[in-house]
Amino acid sequence: MTQNERISIPIWKRIIILVITLLVFAIQIMLFVFAFQLTYSEVNKIVYFLIEALAILLVIYIIHKPMITSYKLTWSILILVLPLPFSLLYYLNSSSKRLPKRKQNKFERNIHKIEYDEEQLKTLNNINYSLRKHVMVLQQNNNFEAFNDTKYTYFNDAELKHVDFMEELKKAQKYIFIETFIISEGYLLDQLFEILKQKGEEGIEIKIIYDDLGSKRNLRSKTIKEITKIPNCKIVNYNPLGLNINPAFNYRNHRKIGIIDGKIAYCGGDNLADEYIHKIERFGYWRDTCGKFEGQAVKGFIKLFIETWFLSTKELLDVDKYICQNNVIRADSFIVPFGDGPTDNANVGYDLFKSLINNAEKSLYISTPYFVIDDDMIEAIVLAIKSGVDVKILMPAIPDKKAAFYLGRYNYKKILKAGGKIYEYTKGFNHAKNIISDNDAAFIGTLNMDFRSMFLHYECGALIIKDEEINKMKEDFLRVCNESEEITYEKWKKRPFIQKIIAYIFYLFAPMF
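A brief look at the structure comes next. (Residues numbered from 1 in each chain as written. Predicted model: local features only at pLDDT ≥ 70, side-chain atom pairs only at ≥ 80, totals over all residues. Heavy atoms only, no water.)

1. Considering a nonpolar patch on the surface
A surface patch of nonpolar side chains, about 560 Å² in accessible area, is lined by Leu-50, Leu-54, Ile-56, Leu-57, Ile-60 and Leu-80. Of all the elements, helix 2 (residues 42-63) adds the most residues to the nonpolar patch, at 5 residues. (Patch = residues over 30% accessible without salt bridge, like charges linked within 9 Å, V, L, I, M, F, W, Y side chains within 5 Å. Areas by Shrake-Rupley, 256 points an atom, 1.4 Å probe, with all protein chains shown as cover. Salt bridge = Lys/Arg side-chain N within 4 Å of Asp/Glu carboxyl O. Helix = DSSP H or I, 4+ residues; strand = E, 2+ residues; numbered from the N terminus.)

Here is the structure:
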């Protein structure tokens with residue numbers, strides 16, 4: 001069995017966290033008791049009310065912070081009800097999000113720099129203003145560059161992507177970069193290992209980043225040692241889970257990038273695990289999509305990889321060393337590779353999704369494995385429907401995590417009542433992450449439509465503008481919708497009672513998912 005993309009903490013660490021949590025809650029309950037029993041001293045009451053007063057001040061502080069309303073509401077309620085444990089949890093959560101100024105400066109000086117030539121600027125300024133707004137959202141957030149001389153290829157199945165990826169790896173002449181959330185033992189890893197071993201012996205530079213928590217269960221230490229023995233190969237794990245209880249363990253590296261010689265980059269929802277190529281079955285047929293980029297936009301993915309490499313190793317690679325001059329000519333379309341993360345002081349993915357939703361004029365098609373989003377985004381989708389936009393959302397029918405699935409279904413109500421259409425992929429698990437706004441703008445990448453992806457994980461993707469492959473994405477989406485079950489409002493109301501109860505209770509904690 002392979003690792004699930006939702007966070008799964010090792011059992012020993014779960015026990016430690018549970019013990020600490022129970023201890024803190026026990027202290028909180030004791031304070032309640034002490035405060036309202038006359039047999040105890042006045043000191044206990046003073047301590048209790050002092051903690052409550054500090055909790056109220058913390059809530060006032062949270063209300064004034066620049067964060068989405070759902071987070072403010074959830075944290076405020078939890079802190080007011082149980083101030084001691086949740087104040088502590090909030091502090092750990094917020095403090096671990098702060099990236100040292102020194103690292104921020106290095107990113108700005110050496111990685112995130114926009115370098116346009118005059119012709120590129122003219123082409124960008126000539127595109128439709130509503131489309132240019134999507135690009136501006138990404139540029140204003142973190143200086144993500146728009147590239148026009150790039151060939152984009154859409155793979156509607158991760159198996160097709162991996163066949164292509166393996167063939168391109170065999171042609172590598174300078175270097176190979178691989179970044180992924182999950183590496184799992186199996187056929188795909190065996191195939192990859194043999195190619196990397198051959199390329200390493202040829203003198204090709206190889207760098208691999210994987211998420212420690214994402215790969216914990218299914219990547220043996222023996223296999224990691226075998227990979228490290230490959231000549232010219234370095235493999236690192238992001239945010240490793242050691243004996244320490246790191247408050248930042250909840251912030252995982254969910255990015256998936258493959259780069260070859262600075263000429264080719266891949267980015268999509270697929271990991272290095274056998275269910276993605278249908279060698280094993282998990283939750284039915286595993287549907288995923290991926291993009292291949294050839295040309296100038298590869299530079300953007302190189303920068304993202306170097307950013308994560310620095311966060312994982314403190315080694316800052318020279319961007320210019322890995323950039324390759326490409327001769328791909330496609331002047332009418334634009335590709336904007338971008339990254340998002342909990343320490344960048346911006347909600348890049350969230351803002352882009354809102355832009356794609358708000359600026360849709362005719363059609364808005366969304367494919368996502370999870371649909372745990374805030375009220376503002378739901379209202380934006382509802383407003384698009386009321387404005388006459390054809391809105392279709394594709395979800396899995398077979399969930400990998402039931403609580404998240406029930407919460408997603410809970411959010412169907414307003415969209416269905418407004419006239420939007422929601423489909424559930426009955427063949428299995430829809431893991432594809434795509435948004436197609438009209439025929440002109442699209443997203444492909446690693447971001448799910450949930451709080452965890454948009455606010456807690458390091459993610460990546462690409463905004464695609466005016467590219468002919470968008471039509472293929474749209475055709476594929478509509479084909480899959482036709483193969484799926486449409487969930488009408490009447491069907492939604494008849495979902496099992498237990499699902500309604502679970503979703504109703506967990507709704508308060510949705511921002512934690």
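Now that the structure has been shown, we can carry on.
2. Description of the side chain of Asp-374
Position of Asp-374 relative to the elements: it lies in the loop between strand 11 (371-372) and helix 15 (375-386). In this structure, Asp-374 is buried with no salt-bridge partner, the nearest side chain bearing the opposite charge being Lys-354 at 5.9 Å. Once residues within four sequence positions are removed from consideration, Asp-374 is found in contact with Ile-68, Ser-70, Tyr-350 and Phe-451. (Buried < 20%, exposed > 50% of the residue type's maximum accessible area, 1.4 Å probe, protein only. Lys, Arg positive; Asp, Glu negative; His and termini not counted. Contact = heavy atoms within 4.5 Å.)

3. Here's the deal with the sheet that holds strand 5 (residues 257-260)
The mixed open sheet is built from 7 strands, whose spatial order is 1-8-6-5-2-3-4. Both outer strands of the open sheet, strand 1 (150-155) and strand 4 (233-238), are each paired with one neighbouring strand and no more. Averaged over all neighbouring strand pairs, the angle between strand axes comes to 10°, with direction disregarded. Where strand 1 and strand 8 (residues 290-295) come together, 6 bridges link them in antiparallel fashion. By the bridge assignment, Tyr-154 is partnered in strand 8 with Gly-291. On top of the sheet, helix 11 (residues 221-228) reaches strand 3 (205-211) and strand 4; it is set at about 140° to strand 4, its chief contact. (Pairing = 2+ DSSP bridges. Axes fitted to C-alpha atoms, helices over the stretch in contact; angles between N-to-C directions.)

4. Topic: the nonpolar core
Residues Ile-79, Ile-259, Phe-301, Phe-371, Ile-381 and Ile-415 are the most contacted members of the largest nonpolar core, which totals 111 residues. It is helix 12 (residues 298-313) that contributes the most residues to this core, 8 residues altogether. One finds Phe-165, Tyr-210, Cys-233 and Cys-290 within the second-largest nonpolar core, a separate group that totals 29 residues. (Core = buried A, V, L, I, M, F, W, Y, C linked by side-chain atoms within 4.5 Å.)

5. Here's the deal with unusual backbone geometry
In the Ramachandran plot, Lys-314 falls in the positive-phi region, its phi being about 65° despite a non-glycine side chain. Here Lys-314 lies in the loop between helix 12 and helix 13 (319-322). On the basis of relative accessible area, Lys-314 is assigned to the exposed category, the value being 66%. The backbone of Asp-438 shows a phi angle near 60°, a positive value even though the residue is not glycine. The residue Asp-438 is located in the loop between strand 15 (434-437) and strand 16 (441-445) in this model. The exposure class of Asp-438 is buried, given its relative accessible area of 12%.

6. Section: the packing of aromatic side chains
All told, the structure shown has 25 aromatic pairs when counted by the stated rule. With centroids separated by 5.1 Å and ring planes inclined at 70°, the aromatic side chains of Phe-353 and Phe-443 adopt a geometry described as edge-to-face. Highlighted residues: Phe-353 in helix 14 (residues 348-358) and Phe-443 in strand 16, separated in sequence by 90 residues. The exposure classification of Phe-353 matches that of Phe-443, with both residues buried. An aromatic cluster of three or more residues is present, and its members are Tyr-175, Phe-177, Phe-305, Trp-309 and Tyr-322. One cation-aromatic arrangement involves Lys-161 over Phe-165; the distance from NZ or CZ to the ring centre is 4.7 Å. Directly above the ring of Tyr-285 sits Lys-427, whose terminal nitrogen or CZ lies 4.8 Å from the centroid. (Phe/Tyr/Trp six-rings, centres within 6.5 Å; stacked < 30°, edge-to-face > 60°. Lys NZ or Arg CZ within 6 Å of the ring centre and 35° of its normal.)

7. Describing the sheet that holds strand 19 (residues 485-487)
Read from one edge of the open sheet, 8 strands run 9-18-16-15-10-12-13-19, paired in mixed fashion. If you trace the sheet from one side to the other, it starts and ends with strand 9 (334-340) and strand 19, each paired once. Pairwise comparison of adjacent strand axes, ignoring direction, gives a mean angle of 20° for this sheet. Judged from the 4 bridges that link them, strand 15 and strand 16 form a sheet pairing that is antiparallel. Looking at strand 16, one finds that Ser-437 is bridged to Ala-441. Helix 12 rests against strand 9 and strand 18 (459-465) of the sheet, and its axis sits at about 10° to strand 9. Packing against the sheet, helix 19 (residues 469-482) makes contact with strand 10 (363-367), strand 12 (390-396), strand 13 (421-425), strand 15, strand 16 and strand 18, and its axis sits at approximately 70° to strand 10.

8. A word on the pattern of salt bridges
In total, this model carries 23 salt bridges according to the counting rule given. Between Asp-164 and Lys-292 there is a salt bridge, with its nearest N and O atoms 2.9 Å apart. With Asp-164 in helix 8 (residues 158-170) and Lys-292 in strand 8, this residue pair connects regions lying 128 residues apart in the sequence. Residue Glu-490 pairs with Lys-493 through a salt bridge whose shortest N-O separation is 3.6 Å. Taken together, the residues span about one helical turn, with Glu-490 and Lys-493 both in helix 20 (residues 489-493) at a distance of 3 residues. Taking relative accessible area as the criterion, Lys-493 reaches 36% and is therefore assigned partly exposed. Residues joined by salt bridges that share partners form a network here, namely Asp-164, Glu-168, Lys-171 and Lys-292.

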